[in-house]
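# A structural walkthrough
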Amino acid sequence: MDLVRLRLVFAKQGPAALLSHLELLTAWERALRRARVPLAFTKGFNPHPQMVFALPLAVGVASRREYLDVELERPVDLSELKVRISRQLPEGLELLDAAWVGEGEPSLMASVKAASYHVEVELTSPSAGKLEAELGEAMRQLEAAGKTDSLPGQVYQITGQVQERILRLQMTVQAGSQGNVKPEQVVQALVQRLGVGFRPESLRVERQQVIIRP
């Protein structure tokens, strides 16, 4: 039997942001089963659907654009399939797009090259309002630093500002098997360069998108 690979693009917002990676996998499996998608299963004593996410997402982190590859037993009408799946998704999960993956194309996880994030965190330094000039230089240093002991990959781009002790950052960082940078690691490296502290419980992270090779 020749399987076909379907790539789903989805958003994870609101209550769905609190799902763990395993809970997210279960939510998608249940939705696809209820939508009567002809899933292909692994072999063995405990068969399960062949599903692969591009990049795991931590509990509490929302995302605007994620990828999920699913193996199907046969091709189906995509327009109808998208409607059926959308009706079965729980609150907070939204199907944005679905497309077939060509035969011979690399695996989804191997295609991941970067991820972009929006981050907000409260600083503890009383002089945080005077950091604007130093922030620019610290961000340039992070972009130029490359892979370090504290950052297991490249910070490709970072911009930000401080307003009333709230540090807001927009960053694109290396992701995938060659190097995977977490936004929390970037915040830690940045505040160390600035010589200020931050409240870990105030950290808010939203993934804007996972960037994959075309």
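Here's a quick rundown of the structure. A quick note: this is a predicted structure, and the numbers were derived from the prediction, not measured. (Residues numbered from 1 in each chain as written. Predicted model: local features only at pLDDT ≥ 70, side-chain atom pairs only at ≥ 80, totals over all residues. Heavy atoms only, no water.)

## Observations regarding the nonpolar core
- By size, the foremost hydrophobic cluster in this structure holds 39 residues, and its most contacted members are Leu-169, Val-186 and Leu-190.
- Mapped by element, the contributors of at least two residues to this core are strand 5 (112-122), helix 4 (132-145), strand 6 (155-163), strand 7 (166-174), helix 5 (183-194) and strand 8 (204-212).
- With 6 residues, helix 5 is the single largest residue contributor to this core.
- Core analysis: the next-biggest nonpolar cluster, separate from the first, contains 24 residues, Leu-8, Phe-10, Ala-31 and Ile-85 among them. (Core = buried A, V, L, I, M, F, W, Y, C linked by side-chain atoms within 4.5 Å. Buried < 20%, exposed > 50% of the residue type's maximum accessible area, 1.4 Å probe, protein only. Helix = DSSP H or I, 4+ residues; strand = E, 2+ residues; numbered from the N terminus.)

## Describing the side chain of Ser-202
- Structurally, Ser-202 is set in the loop between helix 5 and strand 8.
- A residue is classified by how much of its surface remains accessible, and Ser-202, at 18% relative accessible area, is buried.
- A polar side-chain atom of Ser-202 sits 2.6 Å from the main-chain carbonyl oxygen of Arg-199.
- Sequence-distant contacts of Ser-202, defined by excluding residues within four places in its chain, comprise Glu-120, Val-121 and Glu-122. (Polar contact = N/O pair within 3.5 Å; in protein donor to acceptor, adjacent residues only side chain to side chain. Contact = heavy atoms within 4.5 Å.)

## Description of helix 2 (residues 78-88)
- If you check which residues of helix 2 are buried, you get Leu-78, Leu-81, Arg-84 and Ile-85. Relative to the axis of helix 2, the buried residues are bounded by an arc of 125° and lie together on one face. Facing away from the buried side of helix 2 by more than 90 degrees, the exposed set consists of Ser-79 and Arg-87.
- For helix 2, the secondary structure elements touched by its buried residues are strand 1 (4-12), helix 1 (21-34) and strand 4 (93-101). (Arc of directions from axis to C-beta.)

## A short note on the packing of aromatic side chains
- Applying the stated rule across the entire model yields 2 aromatic pairs.
- Measuring from centroid to centroid gives 6.1 Å for Phe-10 and Phe-53, while their planes differ by 65°, and the two rings are edge-to-face. Of the two residues, Phe-10 is situated in strand 1 and Phe-53 in strand 2 (residues 51-53); the sequence distance between them amounts to 43 residues.
- One aromatic cluster is present, formed by Phe-10, Trp-28 and Phe-53 through successive ring pairs. (Phe/Tyr/Trp six-rings, centres within 6.5 Å; stacked < 30°, edge-to-face > 60°.)

## Side note on the side chain of Ser-63
- Here Ser-63 is to be found in strand 3 (residues 62-72).
- According to the relative accessible area criterion, Ser-63 is buried, its value standing at 0%.
- Only 3.3 Å separates the side chain of Ser-63 from the backbone nitrogen of Arg-65, close enough to count as a polar contact.
- Side-chain polar atoms of Ser-63 contact the side chain of Glu-66, separated by 2.5 Å.
- Each residue touching Ser-63, except ones within four places of it in the same chain, is listed here: Ala-11, Lys-12, Gln-13, Leu-57, Glu-206 and Arg-207.

## Let's talk about unusual backbone geometry
- We note that Arg-36 has phi near 60°; this positive angle belongs to a residue other than glycine.
- Residue Glu-164 is not a glycine yet carries a positive backbone phi of 50°.
- Inspection of the secondary structure puts Glu-164 in the loop between strand 6 and strand 7.

## Considering the pairing of strand 3
- Burial analysis of strand 3 places 8 of its 11 residues in the buried class, the great majority of the element.
- As judged from the 8 bridges shared by strand 1 and strand 3, these two strands associate in the antiparallel manner. Residue Lys-12 lies in a different strand from strand 3, and its bridge partner there is Ser-63.
- As defined by bridge partners, strand 2 adjoins strand 3 across 3 bridges and the pair is classed as antiparallel. Following the sheet pairing, Phe-53 is matched in strand 3 by Leu-68.
- In this structure, strand 3 lies alongside strand 8, joined through 2 bridges in parallel fashion. (Pairing = 2+ DSSP bridges.)

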